[in-house]
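# Per-entry structural report
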Amino acid sequence: MTRLNKYLSESGYCSRREADKLIEQGRITVNGKLPEMGMKVTSEDQIFVDGNPIHNKQEERIYLAFHKPVGIECTTNTAVKNNIVDYINYPERIFPIGRLDKASEGLLFMTNDGDIVNKILRARNNHEKEYIVTVNKPITDRFIQRMGNGVPILDTVTRKCKVEQISRFVFRIVLTQGLNRQIRRMCEYLDYEVTALKRIRIINISLDVPVGKYRKLTPSELKQLDLLIAPSSKTEEASDLKSEIQEHPNPQKSNQKTISKFPIHKNFKGLPKKD
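Rules behind the numbers
- Residues numbered from 1 in each chain as written.
- Predicted model: local features only at pLDDT ≥ 70, side-chain atom pairs only at ≥ 80, totals over all residues.
- Heavy atoms only, no water.
- Phe/Tyr/Trp six-rings, centres within 6.5 Å; stacked < 30°, edge-to-face > 60°.
- Helix = DSSP H or I, 4+ residues; strand = E, 2+ residues; numbered from the N terminus.
- Buried < 20%, exposed > 50% of the residue type's maximum accessible area, 1.4 Å probe, protein only.
- Lys, Arg positive; Asp, Glu negative; His and termini not counted.
- Salt bridge = Lys/Arg side-chain N within 4 Å of Asp/Glu carboxyl O.
- Polar contact = N/O pair within 3.5 Å; in protein donor to acceptor, adjacent residues only side chain to side chain.
- Contact = heavy atoms within 4.5 Å.

As enumerated under the stated definition, the model contains four aromatic pairs in all. Measuring from ring centre to ring centre gives 5.7 Å for Y90 and Y214, while their planes differ by 70°; the resulting arrangement is edge-to-face. One end of the pair, Y90, is in the loop between α3 (84–88) and β7 (95–97); the other, Y214, is in strand β16 (residues 214–216), with 124 residues separating them in the sequence. A residue is classified by how much of its surface remains accessible, and Y90, at 16% relative accessible area, is buried. Taken together, a centroid distance of 5.4 Å and an interplanar angle of 70° make the contact between F143 and F171 edge-to-face. Here F171 lies in strand β13 (residues 170–175) and F143 lies in helix α5 (residues 141–149), a separation of 28 residues in the sequence. Both residues of the pair, F143 and F171, belong to the buried class.

Right, here's the structure in full:
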């Protein structure tokens, strides 16, 4: 027997977290009855979501790197205008891992594997996400220092992070947190306004597709990703992998600049010239 939320994630319908919300909302029935949280089911049970049957079939796992445009909502609710599902129009059911604000663009993972969602979203695993941010007024050394040391927002203080100035109005930031509108709130606290925000890396995957396009993750990328998000990521094997990535971020460009254990997005174009 399998917990209902895990059953739904393994079926490719949604993540475990989303499944728990569906249960709370009374949108799921098991054998004609509303289930309790934590209920266990088998493939013999008749499971419906919003009146539609769910089959836990072993289907091919889908992992996409998608360049979300500004204006697209990271929701699977097709009743919402400009939702991500209708925009991508993928032939099979997929959903986003995490989210990007409607006003932001950049890298977003799309999948039908509910288990990988939980691993990536666990903040305690310190998974890195890298952004290029443009603000409304000149950046100062003090701004960079304060952003990197932690800013009080949402009744907490953000974790220390890597911040690097790129030009007069543009900086790069690497977060290991996923607070709601975190970068925008951090900037607002320091009296800056974000005018453009692009995510260019999640863990070991860099943004390398045009706006609005997607590609499948390669077997090599998935292998690295699996090691880095696994509970055993602190083992010697994963540590060796991280060291190798740090020492040889790009065999073709051994002198490539980095501010973390992964290479800065090598194909990123369009940054403003330094003022």
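Resuming the write-up.
The topology assignment puts K68 in strand β6 (residues 63–68). No salt bridge is formed by the buried K68. Its closest oppositely charged neighbour is E73, at 7.5 Å. Engagement of the side chain of K68 in a polar contact is seen with the backbone oxygen of D101, the distance being 3.2 Å. Leaving out residues up to four positions away in the same chain, K68 has contacts with C74, L100, D101, K102, S104, E105 and G106.

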